Structure formats: C-alpha cells, structure tokens
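Breakdown of the fold
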Amino acid sequence: ETIRVTHNGVPKPIGPYSHSTGYGNVIFVSGQIGIDQKTNMLKDGVEQQTVQIMENLKTILADNQSDIEHITKTTIFLTDMKYFEKVNEIYAKYFHGHFPARTTIEVASLPRNANIEIECIAVKR
Ligand SMILES: C=C(N)C(=O)O
C-alpha cells in the first residue's frame, strides 16, 4: 500500500502532489523549492534556497522515520549550471562524507521562478 503524507513544518504543496509517499521502507520526497514555511516566500538567491530546501527535506524525512543519512538518491534541478559549485558546497555540508547517488540537471525554469529544486528517495531508519 502506498502511504501519502502531508507534513507540518514545511510549505504546503503548491500543486496536486503529496510532500512524500512511502511504500514499505522506501520514501519518495517531492521536489522541494526554497519556500520558507513561516513566510510562504521563496528565499532570495540560490544559496539561501539550497539551505531552505535541505531544511525542508530534513523535516519531511524526520516525519517518515528517516533522515539525511538515509537518502539513497537525490535529483537536483538548476535553472543555470553556473550554480553547480556553490550548490555542491552547501549540499555537501549536510552529509558526513557519505553521499547519496545524485543526478543534476539544468532546466529552463522551475515553479515560482525558483533557481533550484531538489527531490529525493530515502529509506526508513
Ligand atoms: C514543486 C513541485 N514539486 C511540483 O510542482 O511538482
């Protein structure tokens, strides 16, 4: 059975999707953009957006008996590949030398004109 979850503490989905779904021990987290739940505003710039996204992912994973260390795969969407180095720097700080598999793609645009979106697949602790 697929479990669909809407989480508190992260921005409401901005379209017809759940924050996350789960099947057995596997968790699928929808792409997050850098919206701050308190203000419902997109953070300014790719650096702040990346930090906000990682925080949103942490909240969603925690509600799913999981955490950053249990991410198996991420996909990063950037509106400009020039953000690659800066995003790597911020992203790497959230892991402790054990990085999930990852794909990074440049896209023409993202919802709310965000600069970056990250989705992930994780397993339960
Ligand atoms: C922000 C999204 N994850 C979406 O619109 O699909």
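Residues numbered from 1 in each chain as written. Predicted model: local features only at pLDDT ≥ 70, side-chain atom pairs only at ≥ 80, totals over all residues. Heavy atoms only, no water.

So, about the site of the ligand. Around the ligand, the neighbouring residues are Tyr17, Gly31, Pro111 and Glu117. Contacts to the ligand include Gly31, whose backbone N or O atom sits 3.0 Å from a nitrogen atom. One of the side-chain nitrogen or oxygen atoms of Glu117 is found 3.5 Å away from a nitrogen atom of the ligand. Taking 220 Å² as the accessible area of the ligand by itself, protein coverage stands at 71%. Looking at the shell around the ligand residue by residue, the classes come out as 2 nonpolar, 1 polar and 1 charged. (Near = heavy atom within 4 Å. Polar contact = N/O pair within 3.5 Å; in protein donor to acceptor, adjacent residues only side chain to side chain. Areas by Shrake-Rupley, 256 points an atom, 1.4 Å probe, with all protein chains shown as cover. Nonpolar A, V, L, I, M, F, W, Y, C, P; charged D, E, K, R; others polar.)

All right, on to helix α1 (residues 45–62) then. An α-helical segment advances 3.6 residues per turn. Residues three or four places apart therefore align on the same side. In this model α1 runs 26 Å from its N-terminal to its C-terminal C-alpha over 18 residues, within 8% of the 26 Å that 1.5 Å per residue would give. Residues Val46, Gln49, Thr50, Gln52, Ile53, Met54, Asn56, Leu57, Ile60 and Leu61 constitute the buried set of α1. Buried residues belonging to α1 abut β2 (20–23), β3 (26–32), β4 (71–78), α2 (84–92) and β6 (116–123). (Helix = DSSP H or I, 4+ residues; strand = E, 2+ residues; numbered from the N terminus. Expected span 1.5 Å × (residues − 1). Buried < 20%, exposed > 50% of the residue type's maximum accessible area, 1.4 Å probe, protein only. Contact = heavy atoms within 4.5 Å.)

Honestly, that's just the spatial picture; any functional story needs more than this.
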